[in-house]
Amino acid sequence: QKFKVDGVWSEETPLSSARPGENVLVKLSGAGMDEVQKGFVICTDPACRSVDKLICQIMVMDLPDQAKILTAGFKANFHAHTAEEEATVTKIFETTDRKGKVTKGARFANVGQTVVCMIELERTVPLEAFDDFPFL
């Protein structure tokens, strides 16, 4: 959707512009409170990249008591910047254990392993590719 920015403030000081990552208050004309949520991104045309599926590398730090292993179908909360979305692991490509042993085509992962997997999100989230911004 398209809205008009009527004003931008930082700690009650009006601004003529803001840079990515700054915490600002933005007044939008034509937008209701139900149309703006935490994690939304303001961008120009063309719109920024947003995805509902991603391939990522994660470290399994902890699992709930009812899930002893991480498998395809595992549900979790995905956090990127201030966005929070429900997510499902749809495929595991490989795991790496603490000793560095890589298992391609693994069917599950345990706590302490690094996993390369595909995650599907409930809604689209604005993300940049690792290749474009490896320092993030």
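Here we summarise the structure given alongside this text. Quick caveat: nothing in here was measured; it's all calculated off a predicted structure.

**Focus: a negative patch on the surface**
And step 1. On the surface, a cluster of negative charge is contributed by D52, E86, E120 and E122.
And step 2. Accessibility expressed as a relative area gives 38% for D52, which makes it partly exposed.

**Quick word on the environment of T95**
And step 1. With respect to the secondary-structure elements, T95 resides in strand β7 (residues 83–96).
And step 2. Once the C-alpha coordinates of T95 and V115 are considered, the two residues, 20 residues apart in sequence, prove to be 4.5 Å apart.

**Overview of the pattern of salt bridges**
And step 1. Taken as a whole, this structure holds four salt bridges when the rule is applied.
And step 2. The residue D132 makes a salt bridge to R49 at a minimum N-O spacing of 3.0 Å. On the criterion of sequence distance, the pair formed by D132 in the segment after β10 (114–126) and R49 in the loop between β3 (25–29) and β4 (50–59) is long-range, its members being 83 residues apart.
And step 3. Residue R123 is joined to E85 by a salt bridge in which the shortest nitrogen-to-oxygen separation is 2.7 Å. Taken as a pair, R123 in strand β10 and E85 in strand β7 lie far apart in primary sequence, 38 residues in all.
And step 4. The class of R123 is partly exposed, set by a relative accessible area of 39%.
And step 5. Exposure remark for E85: the relative accessible area of 10% places this residue in the buried category.

Calculation criteria
- Residues numbered from 1 in each chain as written.
- Predicted model: local features only at pLDDT ≥ 70, side-chain atom pairs only at ≥ 80, totals over all residues.
- Heavy atoms only, no water.
- Patch = residues over 30% accessible without salt bridge, like charges linked within 9 Å, V, L, I, M, F, W, Y side chains within 5 Å.
- Areas by Shrake-Rupley, 256 points an atom, 1.4 Å probe, with all protein chains shown as cover.
- Salt bridge = Lys/Arg side-chain N within 4 Å of Asp/Glu carboxyl O.
- Lys, Arg positive; Asp, Glu negative; His and termini not counted.
- Charge placed at Lys NZ, Arg CZ, Asp CG, Glu CD.
- Buried < 20%, exposed > 50% of the residue type's maximum accessible area, 1.4 Å probe, protein only.
- Helix = DSSP H or I, 4+ residues; strand = E, 2+ residues; numbered from the N terminus.

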